[in-house]
Amino acid sequence: MLETHVSHQNIPSIEVKNLIPVRRALLSLSDKSGLKELCELLTKWDCELVGTSSTYNAIINLGFSCSTIDSITNFPEILGGRVKTLHPKVFGGILGRELLDSDAKDMKDHDIKPFDIVICNLYPFQKTLAKGATTTELVENIDIGGVSLLRAAAKNHASVSVLCDSADYEYFMKVVSENQGNTTLSLRKQLAVKAFRETASYDEIISATLENKFELENELSSKIGPVRTENVNSILTLPDNVTLSLTKQQSLRYGENPHQNAAFYRISDLQKENKVCSIANMKCFHGKELSYNNVLDIEHAIRLATEFKEDYAAVILKHNTPCGVGVSKDSLFQAYVKAFESDPVSPFGGIVCVTKNVTEELANKLSETFLEVVIAPNFDSKALEILQKKKNLRLVTFNPELPLANKIIFTHVQGGFLAQSSNDIVLDFNKVTFPTTVKPSPDIIKALTLGMTVVKHVRSNAIVLANEYQSLSIAGGFTNRVDAVEQCLKKIRLPLTNAILASDAFFPFPDSIELINQSGIKHIVQPGGSVQDAEVIKACDKYGISMMFTGNRHFKH
């Protein structure tokens, strides 16, 4: 069966065969798993094997015939193995198009024999990285020839099969056996795409790792000189081209709903060393396997919990939304009680994230409610005895003192991704102003800060009532701010002593101020920036309400 490429200017039209016999294979392997079975199949169909030094030795030790690379190049491996396959007789054999007369002539003139199969896996850069290797060791584990072999074979997939993963050997052998010692065009295309993905992922891991190792941000900002700061930032944060290298860490029970499949993929270049707070590095050591929804909830919980750098803090979430937040200077137990009492209904089936170790006292309190997940830096031994009695309760550890891993936030949309820098600001006091006649006291400013911290993590339009120690009511996801204010006020269960109201974005009209005044709340924090700010300020002054403008909006879509 033949296919014919469409002819383009200066590009020859070449017949493409469906079936290609396995005649000659080049092998260069770091991972020797599955090698015996592969050699058995290839030699069964009289395929000649050619191997780099360590692979050659492995094949000979398995009892199969094999030639060395230098026996066909007449040139030894040099530079400590840095150069071994980079030779015209190797790459000519991979890239040569036998059905093109000019290529066939070149190959004959230079005594170049074709390779039909390239079997190569790359130096184990990722494994070396995971072991905490030095920069020098990492650099020596950057594959050059192997990447070139894969790309060359993938480019010439019309006649060459490329295997870059031992996991694909079984499928390859099945297809070859079913086709009496031949590869199919469909197989070669599939393997070529995988090889290109492999090399792209490999290069992305290396570049991201070395950027971190070289502390490139400091290098660029302090030594390049002529490059303007904004250009440096665009290089480091939102480049023109992005390759996301993802490695499947685990399958999940199902997606948002039972009929959806799901898995968790970690960023491949993210080191397992605990230098950043990453879900990939967290340990779920008790309970059922994490679900897709659990992972999303954990993500939102740690984002909020890590905002609280002082004192004890407890966060309760349900469906990616905080339903209670509490802080205390004295104990984690008090912080959790404050978080729970603002909304004692919603925590059922939710998750709890705390910033200090779980004690026996807190564990007893937690066990009173059905929870999906508890996240903490650690669990005291007595606390574990109590919580592990709940067989399905997932217990997860994390380090709230580490910076969050993601500096760029990606959102998958149809046909692409949106990217933005992470929202690392709650309040910038250089931008804060107090435009109303009544000014808040220091204690109220603490409440305003807590309220704005929580509202930042609630889906817009978002309103939060809070005092200095806890959230009092949370409402989010509304399509107008008046409805958000009304719903938040309806949910009040606790006294409004020293209560404040936080809004994630400005009030477009003073109508919300009317509602707030009726509730008795006398303190508001909001970004400001509406064309109606003057009217909103006027309404606050009319009712004796203090208002703080932050200058930073916190939309969360």
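The written sequence of each chain sets the order in which its residues are numbered from 1. Note on the predicted model: pLDDT of at least 70 is required for a residue's local features to be given, and 80 or more for side-chain atom pairs to be given and counted; whole-chain, interface and lining totals, by contrast, use all residues. Computation of side-chain values: all heavy atoms of the structure, hydrogens and water removed.

- An unreviewed UniProt entry lists the protein under the name Bifunctional purine biosynthesis protein PurH, with Silvanigrella paludirubra given as the organism.
- UniProt positions are given in the numbering used here, feature names are shortened, and annotations may be inferred rather than shown by experiment. Looking at the Sequence similarities (unreviewed entry) heading of the UniProt record, one finds this comment for the protein: "Belongs to the PurH family."

Details of the pattern of salt bridges
- Note on definitions: salt bridges are taken to be side-chain nitrogens of Lys or Arg within 4 Å of carboxyl oxygens of Asp or Glu. What the rule picks out here adds up to 16 salt bridges.
- A salt bridge links Asp168 to Lys194, with the nearest nitrogen and oxygen atoms 2.9 Å apart. On the criterion of sequence distance, the pair formed by Asp168 in the loop between strand 8 (161-163) and helix 9 (169-178) and Lys194 in helix 10 (residues 185-213) is long-range, its members being 26 residues apart.
- Think of it in three bands: with a 1.4 Å probe and only protein chains considered, a residue is buried below 20% of the maximum accessible area for its type, exposed above 50%, and partly exposed in between. Residue Lys194 is classed as partly exposed on the basis of its relative accessible area, which comes to 29%. Secondary structure elements follow DSSP: runs of H or I of four or more residues count as helices, runs of E of two or more count as strands, with numbering from the N terminus.

Section: the sheet that holds strand 20 (residues 463-466)
- Strands pair, by our definition, only if DSSP identifies at least two bridges between them. Read from one edge to the other, the open sheet built from 5 strands follows the order 21-20-22-23-24, with strand pairing classed as mixed. Whereas interior strands pair on both sides, the edge strands pair on one side only; in this sheet they are strand 21 (471-475) and strand 24 (546-549). Strand-to-strand twist in this sheet, taken as the mean axis angle between neighbours without regard to direction, amounts to 15 degrees.
- Where strand 20 lies against strand 22 (residues 500-503), 4 bridges are found, and the strand directions are antiparallel. Across the sheet, the residue bridging to Val464 is Ala502, located in strand 22.
- By definition, residues are in contact when any of their heavy atoms lie within 4.5 Å. Helix axes are fitted only over the stretch in contact, all axes being lines through C-alpha atoms; the angle between N-to-C directions runs from 0 to 180 degrees. Packed onto the sheet, helix 17 (residues 442-455) meets strand 20, strand 21, strand 22, strand 23 (523-526) and strand 24 and runs at close to 35 degrees relative to strand 22.

Focus on the packing of helix 19 (residues 511-519) against helix 20 (residues 533-543)
- Two elements in contact, helix 19 and helix 20, have axes separated by 9 Å at closest approach and are oriented at 20 degrees. Relative to helix 20, the element helix 19 is oriented roughly parallel. Both helix 19 and helix 20 take part in a crossing whose hand is right-handed. Counted together, Ile513, Glu514 and Asn517 of helix 19 and Val536, Ala539, Cys540 and Tyr543 of helix 20 form the full contact between these two elements.
- When residues are grouped by polarity, Ala, Val, Leu, Ile, Met, Phe, Trp, Tyr, Cys and Pro land in nonpolar, Asp, Glu, Lys and Arg in charged, and all others, Gly among them, in polar. The class makeup of the residues in the contact of helix 19 with helix 20 is 5 nonpolar, 1 polar and 1 charged. Geometric relationships in this document are graded by angle, where less than 35 degrees denotes roughly parallel, more than 145 denotes roughly antiparallel, 65 to 115 denotes roughly perpendicular, and other angles denote oblique. Throughout, a crossing is termed right-handed when the near helix is turned clockwise from the far one, and left-handed when it is turned anticlockwise from it by less than a right angle.

Quick word on the pairing of strand 7 (residues 117-120)
- In strand 7, alternate side chains face the same way, and those of Ile117 and Ile119 on one face and Val118 and Cys120 on the other are all buried.
- Here 3 bridges tie strand 7 to strand 8, and the two strands are oriented parallel to one another. Its bridge partner being in strand 8, Ile119 is matched across the sheet by Leu163.

Digging into helix 1 (residues 35-44)
- Among the residues of helix 1, Leu35, Leu38, Cys39, Leu41 and Leu42 are the ones counted as buried. For helix 1, the buried positions fall inside an angular range of 165 degrees around the axis, keeping them on one side.
- At the C-terminal side of helix 1, Asp46 shows a positive phi close to 60 degrees. In this context, the arc is that of the directions from the helix axis out to the C-beta atoms.

Quick notes on a nonpolar patch on the surface
- A cluster of nonpolar side chains, Leu244, Leu246, Tyr265, Ile267, Phe410 and Phe417, forms an exposed patch at the surface whose accessible area comes to about 550 Å².
- According to the relative accessible area criterion, Tyr265 is partly exposed, its value standing at 43%. A patch consists of residues exposed above 30% relative accessible area that lack any salt bridge, with like charges linked at up to 9 Å and nonpolar side chains (Val, Leu, Ile, Met, Phe, Trp, Tyr) linked at up to 5 Å. Calculation of accessible area relied on Shrake-Rupley with a 1.4 Å probe; when residues are assessed, cover is drawn exclusively from the protein chains displayed.

Let's talk about the packing of helix 18 (residues 481-490) against helix 19
- Contact geometry of helix 18 with helix 19 gives a least axis separation of 9 Å together with a crossing angle of 10 degrees. Judged by the inter-axis angle, helix 18 sits roughly parallel to helix 19. Residues Arg481, Val482, Val485, Glu486 and Leu489 of helix 18 touch helix 19, and the partners they reach there are Asp511, Ser512, Leu515, Ile516 and Ser519.
- Taken together, the residues of the contact of helix 18 with helix 19 break down into 5 nonpolar, 2 polar and 3 charged.

Some words on the environment of Asp511
- Looking at the secondary structure, you find Asp511 in helix 19.
- Look at Asp511 and you get partly exposed, because its relative accessible area is 37%.
- Residues Asp511 and Thr359, 152 residues apart in the sequence, show an inter-C-alpha distance of 46 Å.

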